[in-house]
Structures are given as C-alpha cells and as structure tokens.
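Structural characterization, general
Residues per chain are reported as follows:
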Amino acid sequence: MEDCLAKKMEITVSEAEKRTGRNAMNMQETYTAYLIETRAVESQSEGQCAPVDSLWRRYSEFELLRNYLSVTYPHIVVPPLPEKRADFVWHKLSADNMDPDFVERRRIGLENFLLRVASHPVLCQDKVFYSFLTQEGGWKEMVNETGFQLKADSRLKALNATFRVKNPDKRFTELKHYSDELQSVISHLLRVRARVADRLYGVYKVHGNYGRVFSEWSAIEKEMGDGLQSAGHHMDVYAASIDDILEEEEHYADQLKEYLFYAEALRAVCRKHELMQYDLEMAAQDLTSKKQQCEELATGTVRTFSLKGMTSKLFGQETPEQREAKIKILEEQIQEGEEQLKSKNLEGRDFVKSAWADIERFKEQKNHDLKEALISYAVMQISMCKKGIQVWTNAKECFSKM
C-alpha cells in the first residue's frame with residue numbers, strides 16, 4: 001500500500017459544469033463535465049508548492065475507464081461508480097440527473113471512485129488509469145488501442161456458463177449468494193431510509209407551522225405576546241434546520257448505495273470464474289472425446305453410436321492408410337488439447353488465488369466502511385433528537401415566563 005498512487009498524488013474532483021455539445025449522432029445534448037485536479041505529494045513534503053494539473057471528464061468517460069478496468073482485471077472487485085440517475089429517493093427530492101444537488105453528490109461519488117482505484121494495490125499501477133488523471137487529449141484512443149472490448153465476455157456466454165458448469169467452486173457459489181443477499185438487504189434499507197426522511201421532513205415542516213401560529217397568536221396577546229413570539233422563533237429555527245439534516249441523510253444513503261453497487265462487482269468476479277470453469281470443462285470434454293476417437297480408430301471398435309460409425313458400415317471401412325492419417329491428426333490434437341488443458345488449469349488456479357486475496361481485502365474494507373456509516377447515522381439521529389428536546393425545553397421556558 002506504500003506504493004499506491006493515492007500516497008503519491010492528491011486527487012480531487014473539484015467542480016461540476018453543465019455543458020452543451022453534439023454527440024456521436026451529431027445531435028445536440030446537455031451533459032455535465034467534471035474537473036479532475038491532481039497534485040504531486042512529494043513536492044509538498046519538501047516544502048515546495050506543487051503545481052495543480054487539471055482536466056475535464058464526462059461521466060461516460062468514467063464509465064469507459066471502469067469497463068476497461070473490469071475487463072482487464074477480472075479477478076478484482078472493481079470499485080463502482082455513483083449512480084447515473086437517482087434511485088431510492090424520498091418524494092421531495094428531485095430525481096433529475098441535472099439537479100444541482102444530485103450533480104454535487106455525484107461529483108463526490110466520482111471523487112470517491114478515483115480515490116478507491118488510486119488506493120487499490122493493483123489498479124493504482126495501471127497506465128490507462130494514470131493517463132485518465134493526467135492526459136486529456138487522446139485518452140479514449142489509448143483505451144481503445146488496448147483492445148479490451150474484444151476480451152469482454154458476452155452476456156449469452158456468461159448465462160450459458162452459469163447453467164452448464166458441472167463442478168462449480170463452492171466458495172464462489174456462496175459468494176454469489178452473499179452478494180445477492182447483500183444487495184437485497186441494502187435495497188430494503190435504502191427504501192426504509194427514504195420513508196424515514198420523508199416523515200422527518202413532514203415533522204420539521206409541522207414545527208414551522210407551530211412557529212407561524214405562535215407568531216400570529218402573539219400579535220393579539222399583550223401579556224403572553226413575548227413568550228409566544230420567542231417560542232415561535234425557536235420553532236422556526238428548528239424547522240429551517242431540516243435542509244442540513246437531509247443533506248447528511250443523503251450522504252449516508254450514498255455510502256449505502258456504493259455497497260449496493262459493489263454487490264454487482266462481486267457477482268462479476270463470480271461470473272468470470274464460472275466462465276473459466278466452463279471453458280476448462282469444455283476443453284476436458286473435448287480432449288476425452290478425441291482420445292476415445294483415437295482409441296476406436298486404433299482398435300477398430302466403436303464404443304458409442306455415431307453417424308460416422310453407421311456410414312462406415314454402409315459404405316465400407318476406411319483403408320489402413322486413411323486410418324493412420326486420422327490417428328496421426330488426432331494424436332497431434334490430443335497433445336495440443338493436453339497442453340491447453342494444463343494451461344487452463346494453471347490459469348484457473350492463479351485466478352482463484354488472486355481473486356480470493358482481493359475478495360478478502362474487499363471484505364475488510366466493507367466491514368470498516370459500513371460500520372462507520374451506521375455509527376455516523378446513529379449519532380446523527382441522536383443529535384437530531386437532542387435538538388428536538390432542546391427546542392421544546394426552550395419553548396417550555398418561554399411559556400413559563402408568560
């Protein structure tokens with residue numbers, strides 16, 4: 001971790017800017033660009049003020065970067081991006097992806113994504129990622145030149161592997177179930193939180209009504225007027241604090257959403273392992289079939305029914321020369337198949353070793369982050385309750401002085 005990029009470079013996404021341009025279809029579109037600023041840490045430690053490098057990136061470029069990382073490092077739980085459009089929102093919050101509050105939260109999420117990658121022991125060393133931070137022009141061409149899109153597995157192939165793998169690894173099967181359950185639990189938690197935020201908003205706004213009523217009442221009372229006016233003021237201040245509280249609520253929701261999307265990143269690693277296991281089993285099956293064909297040709301006996309066997313019975317047996325030529329070809333194919341199977345077995349073992357090491361790293365990070373998020377949420381709720389008690393204590397004093 002000492003060599004990770006996050007230790008050598010300060011990375012921030014400092015601004016978000018609404019822009020208008022033309023897309024690939026030459027149609028006008030409105031989009032948001034984000035300013036990435038980087039500064040070398042070494043120069044600052046030597047007492048010098050390091051210059052800040054900056055460049056603008058669109059959300060789609062962040063998506064391209066993450067797709068590249070996911071394909072290039074299939075054994076790694078690649079950090080997720082923040083949501084493109086708001087989900088699990090309470091009804092007073094805008095779901096518009098151009099809403100300033102949503103754009104600000106996404107800016108923070110994109111910065112978090114870059115810091116996650118920069119802190120990862122493997123991903124931080126990737127040259128394409130470093131160029132994403134430092135090279136504005138020609139970066140997309142650099143990514144496409146890696147040919148990562150050709151390595152991407154099709155969804156159909158992944159689905160086929162899921163249903164046809166005969167000997168799945170129990171650890172990855174359990175991890176897949178865990179990621180499904182984690183996503184389900186966090187989704188439910190986010191829905192509950194949205195309902196709580198909605199009711200909280202209503203409670204605070206009702207206190208605003210208290211403030212208005214007390215102020216109106218104070219206008220017609222001589223002896224009680226000052227006390228009612230003061231109590232109304234406390235209620236108004238309390239009602240106005242809802243905006244800051246809901247901002248904290250949304251920050252907590254974004255922390256949960258990151259792990260909602262991390263669940264999909266876990267499943268992606270499991271799917272890649274299924275694909276590798278499927279390819280291994282298909283290679284082993286093909287090798288067994290060729291060995292059987294070679295044995296049948298050498299002994300002149302057919303163990304299993306085949307169209308080829310029926311044809312030879314109807315139209316005569318092959319000549320010894322033809323049989324020898326076929327045996328030779330099969331022997332070469334068997335040798336290639338054995339080498340390929342050995343290579344796939346070795347690749348699979350390396351994948352499992354690397355993937356499991358990264359999964360363990362992810363679990364430690366998850367446990368720490370979610371623990372901190374839940375504690376912060378509890379502290380926030382306690383603080384809100386204390387403010388409510390204090391407001392009514394102040395109101396009680398105001399009423400007592402009337």
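Residues numbered from 1 in each chain as written. Predicted model: local features only at pLDDT ≥ 70, side-chain atom pairs only at ≥ 80, totals over all residues. Heavy atoms only, no water.

**Let's talk about a nonpolar patch on the surface**
Nonpolar side chains collect at one region of the surface, where Val 206, Tyr 210 and Trp 392 lie side by side and expose about 270 Å² of accessible area between them. As for its placement among the helices and strands, Val 206 is situated in helix H9 (residues 170-218). (Patch = residues over 30% accessible without salt bridge, like charges linked within 9 Å, V, L, I, M, F, W, Y side chains within 5 Å. Areas by Shrake-Rupley, 256 points an atom, 1.4 Å probe, with all protein chains shown as cover. Salt bridge = Lys/Arg side-chain N within 4 Å of Asp/Glu carboxyl O. Helix = DSSP H or I, 4+ residues; strand = E, 2+ residues; numbered from the N terminus.)

**With respect to the environment of His 207**
Here His 207 shows up in helix H9. Assessed through its relative accessible area of 10%, His 207 is described here as buried. Along the backbone, His 207 and Ala 240 are 33 residues apart, and their C-alpha atoms lie at a distance of 9.4 Å. Apart from the residues lying within four places of it in its own chain, the contact partners of His 207 are Met 235, Tyr 238, Ala 239 and Trp 392. (Buried < 20%, exposed > 50% of the residue type's maximum accessible area, 1.4 Å probe, protein only. Contact = heavy atoms within 4.5 Å.)

**Brief notes about empty space enclosed by the protein**
In this structure the tally under the stated criterion is 1 cavity of 30 Å³ or more. For the largest cavity, the calculated volume is near 50 Å³. Along the walls of the largest cavity sit Pro 168, Asp 169, Phe 172, Thr 173, Lys 176, Cys 270, His 273 and Glu 274, which together make up its complete lining. Of all elements in the fold, only H9 and helix H11 (242-299) reach the threshold of two or more residues within the lining of the largest cavity. Looking at the lining of the largest cavity, its residues break down into 3 nonpolar, 2 polar and 3 charged. (1 Å grid on protein atoms, 1.4 Å probe; cavity = no way out; pocket = protein on both sides within 12 Å on 5 of 7 lines; lining within 4 Å. Points joined across faces, edges and corners; volume = space filled by probe spheres on them. Nonpolar A, V, L, I, M, F, W, Y, C, P; charged D, E, K, R; others polar.)

**Re a negative patch on the surface**
On the surface, Glu 321, Glu 324, Glu 331, Glu 332, Glu 336 and Glu 339 cluster together into a patch of negative charge. Following the sequence through the fold, Glu 339 ends up in helix H13 (residues 320-400). With relative accessibility at 52%, the residue Glu 339 sits in the exposed group. (Lys, Arg positive; Asp, Glu negative; His and termini not counted. Charge placed at Lys NZ, Arg CZ, Asp CG, Glu CD.)

**A word on the packing of helix H10 (residues 225-240) against H13**
Contact pair H10 / H13: the axes reach a minimum separation of 8 Å and the direction vectors enclose 170°. Considering the angle they form, H10 stands roughly antiparallel to H13. On H13, the residues touching Gly 227, Leu 228, Ser 230, Ala 231, His 234, Met 235 and Tyr 238 of H10 are Met 384, Lys 387, Gly 388, Val 391, Trp 392, Asn 394, Ala 395, Cys 398 and Phe 399. The residue makeup of the contact of H10 with H13, split by class, is 10 nonpolar, 5 polar and 1 charged. (Axes fitted to C-alpha atoms, helices over the stretch in contact; angles between N-to-C directions. Parallel < 35°, antiparallel > 145°, perpendicular 65-115°, else oblique.)

**Quick look at the layout of surface pockets**
There is about 1,300 Å³ of room inside the largest pocket. Along the wall of the largest pocket there are 45 residues; nearest its centre are Ser 70, Val 71, Asp 153, Ala 268 and Arg 271. No other element matches the 13 residues that H11 contributes to the lining of the largest pocket. In terms of residue class, the lining of the largest pocket is made up of 21 nonpolar, 9 polar and 15 charged.

**Remarks on the pattern of salt bridges**
In total, this model carries 24 salt bridges according to the counting rule given. Here Arg 116 makes a salt bridge to Asp 369, at a shortest N to O gap of 2.7 Å. In this pair, Arg 116 sits in helix H4 (residues 100-119) while Asp 369 sits in helix H13, placing the two residues 253 residues apart along the sequence. When sorted by exposure, Arg 116 lands in the same class as Asp 369, which is buried. In this structure, Asp 180 engages Arg 267 in a salt bridge whose closest nitrogen and oxygen atoms are separated by 3.0 Å. On the criterion of sequence distance, the pair formed by Asp 180 in helix H9 and Arg 267 in helix H11 is long-range, its members being 87 residues apart. Residue Asp 180 is classed as partly exposed on the basis of its relative accessible area, which comes to 37%. Through salt bridges with shared partners, a single ionic network connects Glu 83, Arg 105, Arg 193, Glu 249, Glu 250, Asp 254 and Lys 257.

**Examining the packing of aromatic side chains**
Considering all chains together, one arrives at 14 aromatic pairs under this definition. Note on Phe 62 and Phe 113: the rings are 6.5 Å apart at their centroids and 65° apart in plane angle, and the pair reads as edge-to-face. Pair noted here: Phe 62 is in helix H3 (residues 59-72) and Phe 113 is in helix H4, with a separation of 51 residues, a long-range link. You can call Phe 62 buried: its relative accessible area is 0%. Overall, Phe 113 belongs to the buried group, its relative accessible area being 1%. Ring plane angle 70° and centroid distance 5.6 Å describe the contact between Phe 214 and Phe 399, whose orientation is recorded as edge-to-face. Highlighted residues: Phe 214 in helix H9 and Phe 399 in helix H13, separated in sequence by 185 residues. On the accessibility criterion, Phe 214 (10% relative accessible area) is buried. Judged by its relative accessible area of 29%, Phe 399 is partly exposed. Taken together, Phe 62, Phe 113, Phe 132 and Trp 139 form an aromatic cluster joined through their ring pairs. Geometry around Tyr 31 places Arg 58 over its ring, the cationic atom sitting 3.8 Å from the centre. (Phe/Tyr/Trp six-rings, centres within 6.5 Å; stacked < 30°, edge-to-face > 60°. Lys NZ or Arg CZ within 6 Å of the ring centre and 35° of its normal.)

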